[in-house]
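Here's the letter readout for the chains.
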Amino acid sequence: MRRITLIGLCALVALLVAACGSSGPRSVPADAVAVVDDKEISKADWDALLAQTKRNFQATKRKFPAPGTVDYANLKNNATQFLIQSSEYQQEADKLDVNVSDSDIDKRLDQIKKQYYGNPAGQKPATPAQMDKRYRDALKQQGFTDKEVRSGIKLQLIREKVYNAVTKDVKVTDDDVKAYYDKNKKQYETPAQPESRDVRHILVKKKAKADELYAELQKNPGKFAQLAKKWSTDTSSAPNGGKLPPGTAVKGRLVPEFEKVAFSIPPHKISKPVHSQFGWHIIEALGPVKKGTPAKPTPLAQVKEAIRQTLLSQKKQQEMDKWLSGVKKDYCKKIGYQQGYAPPPGQDPCKQPASTTGSSTTTG
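Conventions we followed
- Residues numbered from 1 in each chain as written.
- Predicted model: local features only at pLDDT ≥ 70, side-chain atom pairs only at ≥ 80, totals over all residues.
- Heavy atoms only, no water.
- Axes fitted to C-alpha atoms, helices over the stretch in contact; angles between N-to-C directions.
- Helix = DSSP H or I, 4+ residues; strand = E, 2+ residues; numbered from the N terminus.
- Parallel < 35°, antiparallel > 145°, perpendicular 65-115°, else oblique.
- Left-handed = near helix turned anticlockwise from the far one by under 90°.
- Contact = heavy atoms within 4.5 Å.
- Nonpolar A, V, L, I, M, F, W, Y, C, P; charged D, E, K, R; others polar.
- pLDDT = per-residue confidence, 0-100.
- Pairing = 2+ DSSP bridges.
- Disulfide = S-S within 2.5 Å.
- Buried < 20%, exposed > 50% of the residue type's maximum accessible area, 1.4 Å probe, protein only.
- Core = buried A, V, L, I, M, F, W, Y, C linked by side-chain atoms within 4.5 Å.

Take the packing of helix 2 (residues 43–59) against helix 3 (residues 70–95) next. Two numbers describe how helix 2 lies on helix 3: the axes approach to 10 Å, and their chain directions differ by 125°. When the axes of helix 2 and helix 3 are compared, the pair comes out oblique. For helix 2 against helix 3, the interelement crossing comes out right-handed. Of helix 3, the residues touching helix 2 (which contributes Asp45, Trp46, Leu49, Leu50 and Thr53) are Tyr72, Leu75, Lys76, Ala79, Thr80, Phe82 and Leu83. The residue inventory of the contact of helix 2 with helix 3, partitioned by class, reads 8 nonpolar, 2 polar and 2 charged.

Quick look at the structure:
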């Protein structure tokens, strides 16, 4: 049964993501673990998140950290930070008029079921009932509920829609594309191709055997393929009558002794036995040497849109990182913790160097 990789949308994986926090003095109600601006992080939600994580540990046969251990303290702090970050995103989504409907969640979940619980390509498509059963079975295997998955999907969709709202005005001009292309032309060129040749050979271990086969070929060159299939120890070419696979006989990619002869004998001629580290070769040139080609630039027109998408993705992420930095700075003044739930020393995100790694919401 496939693991529910989409659970990365859910709280368990998201617990690993650092959020914005602050241990500043703010009034926190007794039934809350923290406040984010004027929004409370309830103890009930915190308990539910920890219980969800514990079920996943049990279902996947992992030992849940014991209270009092460093691992448990880290898990506890991560749970708090995850809920704080979720609250921040929801509040910012409200300011940006971003909404996620039940229909949005249903649509994404249907996509996930088809992607992970459908039948492989070439088979008869799975029915909705079959995909749903596989999905439910996977939930049990990992200790999650459908409600928790939907909650995780909602959080992911909020992040995606916030990203889209923040970056909607980012543009890439034709001048941007041209400047990038000019700076990275080598990245967009067809590499040079060395000389190549169609050849076949018979490889044997002993010179005496090579001499014997060469003498036989001198009398009857048409037996080359037959003799290669019978005597050659090169398993990649022997079944094909000794002919090297396409793209193999390329100058600069062969052992020197073999290459020197393979590229110097006339077309349709058979060489005397040649020794290399692999044994003794008898080589036949099946045609003329094919000339190599120099590196060839790819026209801008052919890569223009690919470059545009690359630059657009980069610019959007830069815009998002800038926005996240401002959000973090703002919320660091608006967060308070209940006693016992503040970040351990050295783990308060607001007291660490600025970084967007933990909060990246790139949606591709």
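Moving on from the model shown.
Moving on, we get to the confidence of the model for the protein chain. For the protein chain, the mean per-residue pLDDT works out to 89, and 90% of the residues sit at or above 70. Across the protein chain, strand 4 (residues 199–204) holds the top mean pLDDT of 98, while helix 1 (residues 11–14) sits lowest at 39. Contacts of residues 1–25 to residues separated by more than four positions or lying in other chains number 82 contacts, the stretch itself having pLDDT below 50. Between residues 355–364, whose pLDDT stays under 50, and residues either more than four places distant or in other chains, the model counts 21 contacts.

Looking now at the sheet that holds strand 2 (residues 39–42). On the basis of which strands lie adjacent, the open sheet formed by 3 strands has the order 2-1-8 and antiparallel pairing. Strand pairing shows two members of the sheet lacking a second neighbour, strand 2 and strand 8 (335–337), which therefore form its edges. The mean inter-strand angle of the sheet, taken between neighbouring strand axes irrespective of direction, is 20°. Pairing analysis gives 3 bridges linking strand 1 (residues 32–36) to strand 8, with the strands arranged antiparallel. Of the residues in strand 8, the one forming a bridge with Val35 is Gly336. Across the face of the sheet, helix 2 comes into contact with strand 1 and strand 2 while running at roughly 45° to strand 2.

All right, on to the sheet that holds strand 5 (residues 274–276) then. Strand order in the open sheet formed by 3 strands is 4-6-5, with antiparallel pairing between adjacent strands. Here the strands that pair on one side only, and so sit at the sheet edges, are strand 4 and strand 5. Mean inter-strand twist for the sheet, computed between neighbouring axes without regard to direction, equals 35°. Where strand 5 and strand 6 (residues 279–285) come together, 3 bridges link them in antiparallel fashion. By the bridge assignment for strand 6, Ser276 is matched with Gly279. The strands that helix 8 (residues 207–219) touches are strand 4 and strand 6; relative to strand 6, the one it contacts most, it runs at about 20°. The strands that helix 9 (residues 224–231) touches are strand 4 and strand 6; relative to strand 4, the one it contacts most, it runs at about 40°.

On to the state of the cysteines, then. All chains considered together, the criterion is met by 1 disulfide. Here Cys332 is linked by a disulfide to Cys350, with a sulfur-sulfur distance of 1.7 Å. Judged by the sign of its S-S torsion, about -90°, the cystine formed by Cys332 and Cys350 is left-handed. Of this pair, Cys332 sits in the loop between helix 11 (300–331) and strand 8 while Cys350 sits in the segment after strand 8, placing them 18 residues apart in sequence. With a relative accessible area of 17%, Cys332 lands in the buried category. Residue classification places Cys350 among the partly exposed positions, given a relative accessible area of 24%.

Peptide bonds are trans in most cases, and residues, glycine excluded, mostly fall at negative phi. Although it is not a glycine, Asp37 adopts a positive phi angle of roughly 60°. Tracing the backbone shows Asp37 in the loop between strand 1 and strand 2. The exposure class assigned to Asp37 is partly exposed, which follows from its relative accessible area of 28%. Residues other than glycine seldom take positive phi values, yet His268 does so here, at roughly 65°. For His268, the location among the structural elements is in the loop between helix 10 (256–262) and strand 5. Judged by its relative accessible area of 56%, His268 is exposed.

What follows deals with the nonpolar core. Counting 44 residues, the largest nonpolar core has Val162 and Met320 as the members making the most contacts within it. Elements represented by at least two residues in this core include exactly strand 1, helix 2, helix 3, helix 4 (102–117), helix 5 (128–142), helix 6 (146–167), helix 11 and strand 8. Dropping the residues within four chain positions of it, Val162 is found in contact with Tyr89, Ala93, Leu96, Val98, Met320 and Trp323. If you look at the next biggest cluster of nonpolar residues, it comprises 13 residues, including Leu244, Ala249, Ala262 and Val274.

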